[in-house]
Amino acid sequence: MARATILALLVSGALLAQAPPPRPEQLTFKPLAFEVPRAADFKAKLKNGIPVYVAADPAGVPFVRLRVFIRGGSFLEPRGKEGLASLTGMQMRAGGTAMTPAAALDERLEFLAGDIDSNIGDTSGAVAMEFMEKDLKEGLDLFMQVLTRPAFAQDRLDQAKENLLQGLQARNDKTDGIAKVELPRLLNGEDHFSSAQMTGASLKAITREDLAAFHARLLHPENLVVSVSGRFKKEAMLDLLNRTLGALKPGAAAQVSPRVPAPSFRRRPGIYVVDKDVPQSLVRFALPGLRRTDPDWHAAQVMNQILGGSGFTSRLMKKIRSDEGLTYGIGTGFSDGAHWKGNWSGSVQTKNRSVAYVLRLALAELERIKAQPVPPEELAVIKDSIVQAFPSQWGKKANVVNLFAQEQLTGWPENGWAGYREKIQAVTAEDVQRAARKYLDPAQLVILVVGKAGEAEAGDGKDHPGALKDVAPLPLTRLPLRDPLTLKPLS
């Protein structure tokens, strides 16, 4: 009886000790123990010099994931062949190989329950595979075929071009499609590769031979970085990779990809409006930013999270969505400036007549964060959210080696994330204010509005009077809608 009573008291005491507090903010947690992985612990080099990041998990689930990152992209496309890089990336896998026709490759991958994927973007691409450990040998053989000997089957290419053409024809159907064409031109200039987009003519001009030549140019060991993770022994995997990827030699047409060119365009701040008959306008805005290696990066990150980068916790979301009910969402962020200084940019959708008022509210928040120190409680919440979310990107071994490989490909410092959380925690209210004053200059804003121009320019005359041209001391310019296939102005 006595033992039962004592046990009951112990159990009830334990339950009381675990009882949740009355409010969520009163929850307490143990300090998060986390150290950023070191690149050197995963890095190796194949016999032909290709860097490889290896994460072996001999006791893990029986899968192997391999990814070859490729340096090069649309910035290498010849004029008049816009879209060549993306088509090449797409068709490396979809078009079969010299040894395995496209349909046979599809069937074999389905039978093995494996996957091979390929893509090429603006500055880089990748070919990736995932197979069961027991199918590694066959899977790697198919993977090497896709990487080194793609067939670019004509019928698959024709079908892909037909699908892309349909997409181009619908380019003006959505405000987002129009903004994707106009914003790079406003930020980087018409002559920069980031503004050069596929047209009906460039798509028609791309041939199977163009794809083969573009692929041959990129397939140089100095353009490649590898990541591999899964259930294997590291030494055995490195031996296997040395007999495959490590045996690659540059072909006669292979070239080491040059540096990605930075824009030389001097942007013209202003408010730009594209007339589109839609009930809601899309508003995008941008300011010159910085690179991730800039000493201001961590203060700028905290400042952005407070202002518009933290979802429902951010000031812009609270003010424009929660308080005013003018949008479903608004968000901002700094791009990391991989090849040149990035931008601080944001996006919001709202009723055409609300555009001017939304922008006035947003600009008022920019001025507030510059003028008033961030309260300690708000600063602590934002810094804690950044610090606690940071380890999640390192949660899987595949994520770790992929991240290190991408950093290597782009040229970032090898251990650039070391000390990140400590630097975020060290950001003060004064640092936030200094970053806001430095990077949030409304006179440098480029604002793009895609919507019903007459209504957006007039503003909400009933509840919140004020025209779009008076939102900021910036020139207002109407931009013509472009032909979706030629990208030439329609008027």
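Residues numbered from 1 in each chain as written. Predicted model: local features only at pLDDT ≥ 70, side-chain atom pairs only at ≥ 80, totals over all residues. Heavy atoms only, no water.

It is the contact of helix H3 (residues 102–112) with helix H4 (residues 136–148), at a shortest axis distance of 12 Å, that shows an interaxial angle of 150°. Considered as vectors, H3 and H4 are oriented roughly antiparallel to each other. Handedness of the H3/H4 crossing: left-handed. Across from Leu 105, Arg 108, Leu 109 and Leu 112 in H3, the residues of H4 making contact are Glu 138, Leu 142 and Val 146. Its residues placed into classes, the contact of H3 with H4 shows 5 nonpolar, no polar and 2 charged. (Axes fitted to C-alpha atoms, helices over the stretch in contact; angles between N-to-C directions. Helix = DSSP H or I, 4+ residues; strand = E, 2+ residues; numbered from the N terminus. Parallel < 35°, antiparallel > 145°, perpendicular 65-115°, else oblique. Left-handed = near helix turned anticlockwise from the far one by under 90°. Contact = heavy atoms within 4.5 Å. Nonpolar A, V, L, I, M, F, W, Y, C, P; charged D, E, K, R; others polar.)

Judged by nonpolar contacts, the single largest core of 70 residues is most densely connected at Val 302, Ile 369, Val 432, Leu 440, Ile 447 and Leu 468. Considering each element in turn, this core owes the most residues, 10 residues, to helix H12 (residues 355–371). Excluding residues within four positions of it along the chain, Leu 440 makes contact with Leu 287, Met 303, Leu 307, Trp 344, Leu 366, Ile 369, Lys 370 and Ala 435. Within the second largest apolar cluster, 53 residues are counted, among which are Val 52, Leu 136, Phe 214 and Val 228. (Core = buried A, V, L, I, M, F, W, Y, C linked by side-chain atoms within 4.5 Å. Buried < 20%, exposed > 50% of the residue type's maximum accessible area, 1.4 Å probe, protein only.)

Over its 13 residues, helix H10 (residues 297–309) runs only 14 Å from end to end, short of the ideal 18 Å by more than 12%, given 1.5 Å per residue. Burial within H10 is extensive, with 12 of its 13 residues counted as buried. Here H10 has its buried residues at Trp 297, His 298, Ala 299, Ala 300, Gln 301, Val 302, Met 303, Asn 304, Gln 305, Ile 306, Leu 307 and Gly 308. Once H10 finishes, Gly 311 follows within two positions and takes phi at roughly 65°, a positive value. (Expected span 1.5 Å × (residues − 1).)

This paragraph deals with the layout of surface pockets. Of the pockets and cavities examined, the largest pocket occupies roughly 1,000 Å³. Taken together, the elements giving at least two residues each to the lining of the largest pocket come down to strand E3 (63–71), strand E5 (124–132), helix H6 (175–188), strand E8 (280–288), strand E10 (343–351) and helix H14 (397–410). When its residues are assigned to classes, the lining of the largest pocket shows 15 nonpolar, 17 polar and 7 charged. By volume, the second largest pocket amounts to about 560 Å³. In this structure, the second largest pocket is lined by 24 residues; those nearest its centre are Ser 86, Leu 168, Arg 171, Gln 197 and Met 198. Counting residues per element, the ones that place at least two in the lining of the second largest pocket are helix H2 (84–94), helix H5 (154–169) and H6. The leading source of residues in the lining of the second largest pocket is H6, at 4 residues. (1 Å grid on protein atoms, 1.4 Å probe; cavity = no way out; pocket = protein on both sides within 12 Å on 5 of 7 lines; lining within 4 Å. Points joined across faces, edges and corners; volume = space filled by probe spheres on them.)

Our next topic: the sheet that holds E8. Reading across from one edge, E9-E10-E8-E11-E7-E12 is the order of the 6 strands in this open sheet, with mixed pairing throughout. What marks the edges here is a single partner per strand, and that holds for strand E9 (330–334) and strand E12 (476–479). Adjacent strand axes in the sheet meet at a mean angle of 15° when their direction is disregarded. When strand E7 (residues 270–275) meets strand E11 (residues 446–451), the two strands line up parallel, connected through 6 bridges. Its bridge partner lying in E11, Gly 270 is registered against Val 446. (Pairing = 2+ DSSP bridges.)

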